[in-house]
Amino acid sequence: APKAFTCSPEQLELGDIIGRGSSSYVQRAVHKPTGTPLALKVLNMYDKGKRDQLIKEVQALYNANCDCLVQFYGAYHKEG
């Protein structure tokens, strides 16, 4: 069955930054309508190499079925 979780940025309550890498950071969030805790990975999409890396990560997480990994709900692009 396809995975589905509809969410808009306005529905997120943002929390602390919990991790930082060379090209991105991870921030706690809560999906306000459902109370679902989330981890947002935020990165600059202007760098093509980083875009390609993100696409590979998204594909791997979407297809993963492992209790040791976080569950992937989706991705979105925000201008600015």
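So, a few notes on the structure that sits alongside this text.

What counts and what doesn't
- Residues numbered from 1 in each chain as written.
- Predicted model: local features only at pLDDT ≥ 70, side-chain atom pairs only at ≥ 80, totals over all residues.
- Heavy atoms only, no water.
- Helix = DSSP H or I, 4+ residues; strand = E, 2+ residues; numbered from the N terminus.
- Buried < 20%, exposed > 50% of the residue type's maximum accessible area, 1.4 Å probe, protein only.
- Areas by Shrake-Rupley, 256 points an atom, 1.4 Å probe, with all protein chains shown as cover.
- Lys, Arg positive; Asp, Glu negative; His and termini not counted.
- Charge placed at Lys NZ, Arg CZ, Asp CG, Glu CD.
- Pairing = 2+ DSSP bridges.
- Axes fitted to C-alpha atoms, helices over the stretch in contact; angles between N-to-C directions.

### Digging into the overall build of the protein chain
A count of helices and strands for the protein chain gives one helix and three strands. Going residue by residue from the N terminus, the α and β elements of the protein chain occur as β-β-β-α. Once the C-alpha set of the protein chain is aligned to its principal axes, its extents read approximately 35 × 30 × 20 Å. Here the protein chain holds 80 residues, and 12% of them are scored as buried. Carbon and sulfur atoms provide 53% of the accessible area of the protein chain, an area that totals close to 6,400 Å². In the protein chain, 10 side chains carry a positive charge and 8 a negative one; their mean positions are 4 Å apart.

### Side note on the sheet that holds strand 3 (residues 36-43)
Strands sit in the order 1-2-3 across an open sheet of three strands; the sheet is antiparallel. The open sheet has two edge strands with one neighbour each: strand 1 (12-20) and strand 3. Taken pair by pair, the neighbouring strands of this sheet meet at an average axis angle of 30°, ignoring direction. Across six bridges, strand 1 lies against strand 2 (residues 24-31) in antiparallel orientation. Bridging from a neighbouring strand, glutamate 13 pairs with valine 30 of strand 2.

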